[in-house]
Amino acid sequence: MYQYDEYDQKIVEERARQFRGQVQRRVDGEVTENEFKPLRLQNGLYMQLHAYMLRVAIPYGVLSSKQIRMLAHIARRYDRGYGHITTRQNIQYNWPSLEDVPSILDDLASVQMHAIQTSGNCIRNITSDPFAGVAPDELEDPRPYCELLRQWSTFHPEFAFLPRKFKIAVTGTPGHDRAAIRFHDIGVRIVENADGAPGRDGAKTRRGFEVWVGGGMGRTPFIGVVVRPFVEYEDLLAYLESILRVYNLHGRRDNKFKARIKILVSELGAEAFTRLVEEDFERSRNPDLKLERTELERVAVGFAPPPYEPVAIARGDGKTLAERSANDEAFARWLKTNVLSHKIDGYRIVVLSLKKQGIPPGDVSDTQLDRMADLADRYSFGEVRTMHTQNMVLPDVREAHLSEIYDELVALDMATPNFRLLTDIIACPGLDYCALANARSIPLSLELSRRFEDLDYQEDIGPCSIKISGCINACGHHHVGNIGILGINKNGEEVYQLMLGGHDSDSASLGRILGPALPENQVADAVEKVLAHYLKFRTDSEETFLDCYRRLGPEPFKQAAYGA
Amino acid sequence: MKVVVKDKRVVEDAWHVVKDDEAAGAHTIVSLARWNDHREELLAGGTPIGMVLRSNESPDDVRDRDRLALIAVDFPAFTDGRGYSTARMLRSRLHYKGEIRAIGDVMRDEMFLMSRCGIDSFAVKPGKDIDKALSAFDDFSVTYQAAADDERPLFRRVHR
């Protein structure tokens with residue numbers, strides 16, 4: 001992964017020092033709470049129901065074992081022994097005290113980490129495909145571009161006080177978007193221009209970026225639009241800068257709930273918006289902003305493939321795997337759901353499930369983090385990834401090691417074989433933790449994971465995403481769940497709206513509300529009835545829940561859920 | 001006389017904003033509309049004239065920009081970040097050479113960012129310690145991206 005040089009290191013250290021000064025001036029009363037608030041938000045420090053919450057950045061979801069050990073240490077030393085993986089690949093701590101935060105930032109800086117711009121009306125964490133660099137269907141590793149964008153956006157002086165938060169995601173697999181780019185303020189897709197015009201070094205095809213704008217969830221969900229189908233690779237920074245400038249100048253500042261770029265794009269219309277961006281881009285023809293090859297190469301070095309073993313060694317004799325799969329049902333199941341194919345022969349991608357029944361989705365303890373670091377060192381070249389679906393990943397595991405790693409993961413409660421299945425639930429922290437929430441989401445997620453815990457049943461259902469949000473801010477991404485659930489407060493009662501048919505990847509769609517909101521104790525039944533209908537009417541076991549819903553439409557499912 | 005930060009020092013100067021119906025003379029800062037409509041008249045006095053750009057006004061709409069000794073960029077609330085783009089466009093895109101002053105809700109913690117956007121003087125708001133505000137310029141010794149103070153990204157300024 002990318003290694004900080006002296007410049008990167010200086011920036012995070014100076015930032016930690018700057019924040020220490022700001023905290024001091026706040027404590028001394030030189031700065032009011034209102035003046036302090038955007039400053040602390042830009043350091044990821046929220047005030048929540050019970051305590052401050054600190055959101056630590058995990059740029060594009062990549063972590064080294066050293067960094068994971070530090071995250072474990074922070075959980076132990078300054079918090080209550082656990083952290084929470086978020087839907088933007090970050091980690092958050094729910095219980096630090098204000099006085100401790102400058103020390104936490106110092107600790108983070110010592111391992112090349114920070115909490116910069118993880119909150120506030122600025123450019124947030126650049127997120128990406130959790131399988132970047134190892135997915136077999138990838139066109140080009142997006143992470144070097146993510147790192148370049150991270151640097152470009154860090155303390156960008158022109159865009160520190162945007163109308164609202166700004167989220168960017170990058171995918172390097174044009175055929176399968178695992179970064180949900182259509183639901184970001186800016187989504188970038190690496191593409192190949194095969195129009196025959198000569199590319200770099202005389203290549204027949206040119207690599208560039210398809211740039212999407214205006215996607216998002218929240219109160220008014222939107223699927224993004226393509227603002228330019230092909231941006232030359234060297235224009236990436238300049239082009240994005242023009243989008244940000246148009247947003248900074250024209251985004252609404254009169255109404256917090258209409259201030260995202262998706263509203264601007266919608267109100268102006270995609271065409272008019274695009275024209276403003278293109279005009280600004282044309283006018284700011286600064287050759288110095290062009291991405292330089294040497295800089296891209298410098299950054300890309302950090303993401304060079306690790307020293308993979310040849311397939312004979314990576315695969316081993318294959319006997320253990322075959323034998324165990326035949327005789328150990330639990331192992332076979334885990335192999336089928338949580339272990340994915342890898343670009344290099346003999347290797348696999350292993351998903352570490354943080355969705356064990358009885359635990360809030362995405363929570364991870366200090367012990368789990370420490371042991372994960374050991375596993376990473378032993379089995380995955382010292383690297384781990386976070387997923388926006390709130391699981392984690394060991395990206396480079398030899399097939400020969402799968403059996404022993406499974407046993408380790410079972411001992412750590414990270415082997416629940418439910419990746420992409422029903423109980424791989426995404427839920428926001430909800431009313432139990434969040435000052436913005438209207439309803440609790442965690443108890444419902446626990447109930448659903450109990451109700452559907454039968455693994456045979458889950459496998460039979462196949463891939464089906466349940467996503468739960470405790471308010472219309474949609475941090476649980478309920479709009480793009482195959483089954484989305486929104487908690488609302490109706491006359492003092494927590495009730496839940498069910499929606500079906502959401503999808504956050506290439507054939508993106510927003511979920512549709514199925515019927516009247518339900519009290520908490522009726523949700524699991526309704527979901528079960530919906531699933532029963534699917535099982536009964538799918539064309540065959542290959543047709544996914546989503547495809548079946550798209551084919552049949554909402555009516556029959558509504559009947560099933562609400563009917564007699 | 002007002003106390004401001006200019007060229008990283010605390011100084012006194014005479015610049016002040018006047019309303020459209022007030023007399024305009026030396027070191028007065030007038031509105032965009034007034035400047036555009038009456039600039040010959042304003043300049044006839046032979047004294048330096050300034051103009052303020054409110055956060056919903058564009059530097060592209062300023063006529064005869066270079067005849068202004070000073071352009072003030074207003075920050076009605078420090079969270080209104082339009083002034084940063086305005087200042088940068090004035091400095092880098094339009095090559096304005098005069099003084100760009102931040103007025104309004106101006107405080108120490110935003111001054112480093114403002115200076116990177118081409119702002120060279122700061123009317124720090126009342127109630128804030130203007131001498132302590134000077135430490136703002138030391139917030140960071142390294143910056144990543146191009147901005148008005150240097151339109152080269154870090155990777156073009158140093159060898160990495």
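The rules behind each value
- Residues numbered from 1 in each chain as written.
- Chains lettered and ligands numbered in written order.
- Predicted model: local features only at pLDDT ≥ 70, side-chain atom pairs only at ≥ 80, totals over all residues.
- pLDDT = per-residue confidence, 0-100.
- Domains from an automatic or database assignment.
- Contact = placed C-beta atoms within 7 Å.
- Nonpolar A, V, L, I, M, F, W, Y, C, P; charged D, E, K, R; others polar.
- Helix = DSSP H or I, 4+ residues; strand = E, 2+ residues; numbered from the N terminus.
- Expected span 1.5 Å × (residues − 1).
- Bend = angle between axes of the 7 residues up to and from the residue.
- Pairing = 2+ DSSP bridges.
- Right-handed = clockwise from strand over helix to strand, strands pointing away.

*Asks:* Describe the confidence of the model for chain B, with residues and values.
*Replies:* For chain B, the mean per-residue pLDDT works out to 96, and 100% of the residues sit at or above 70. This prediction of the complex comes with two scores: 0.95 for pTM and 0.98 for ipTM.

*Asks:* Which residues make up the domain arrangement of chain A, and what are the values?
*Replies:* Residues and elements named next belong to chain A. With domains assigned, chain A is organised as domain 1 (6–110), domain 2 (134–301), domain 3 (311–411) and domain 4 (426–562). Distance from the C-alpha centre of domain 2 to the C-alpha centre of domain 3: 33 Å. The interface is formed by 5 residues belonging to domain 2 together with 7 residues belonging to domain 3. A breakdown of the residues in the side of domain 2 that touches domain 3 according to their chemical character gives 4 nonpolar, no polar and 1 charged.

*Asks:* Residue-level account of the environment of Arg 93 of chain B, with values.
*Replies:* Looking at the secondary structure, you find Arg 93 of chain B in helix α2 (residues 82–93). Sequence spacing of Arg 93 of chain B and Ala 148 of chain B is 55 residues, and the spatial spacing of their C-alpha atoms is 8.9 Å. If sequence neighbours within four positions are ignored, Arg 93 of chain B has contacts with Arg 283 and Ser 284 of chain A.

*Asks:* Lay out helix α1 (residues 32–44) of chain B in plain terms, naming residues and giving numbers.
*Replies:* All names here are of chain B. In this model α1 runs 18 Å from its N-terminal to its C-terminal C-alpha over 13 residues, within 8% of the 18 Å that 1.5 Å per residue would give. Along α1, the largest kink reaches about 85° and is centred on His 38. One or two steps after α1, the chain reaches Gly 46, where phi turns positive at roughly 75°.

*Asks:* Residue-level account of the pairing of strand β4 (residues 28–31) of chain B, with values.
*Replies:* Residues and elements named next belong to chain B. With 2 bridges joining them, strand β3 (residues 16–17) and β4 adopt parallel strand pairing. Within the sheet, the bridge partner assigned to Val 17 lies in β4 and is Ile 29. Across 4 bridges, the pairing between β4 and strand β5 (residues 49–53) is parallel. Within β5, the position partnered with Ile 29 by the bridge is Gly 50. Following the chain from β4 across α1 to the adjacent parallel β5, one finds a crossover that is right-handed.

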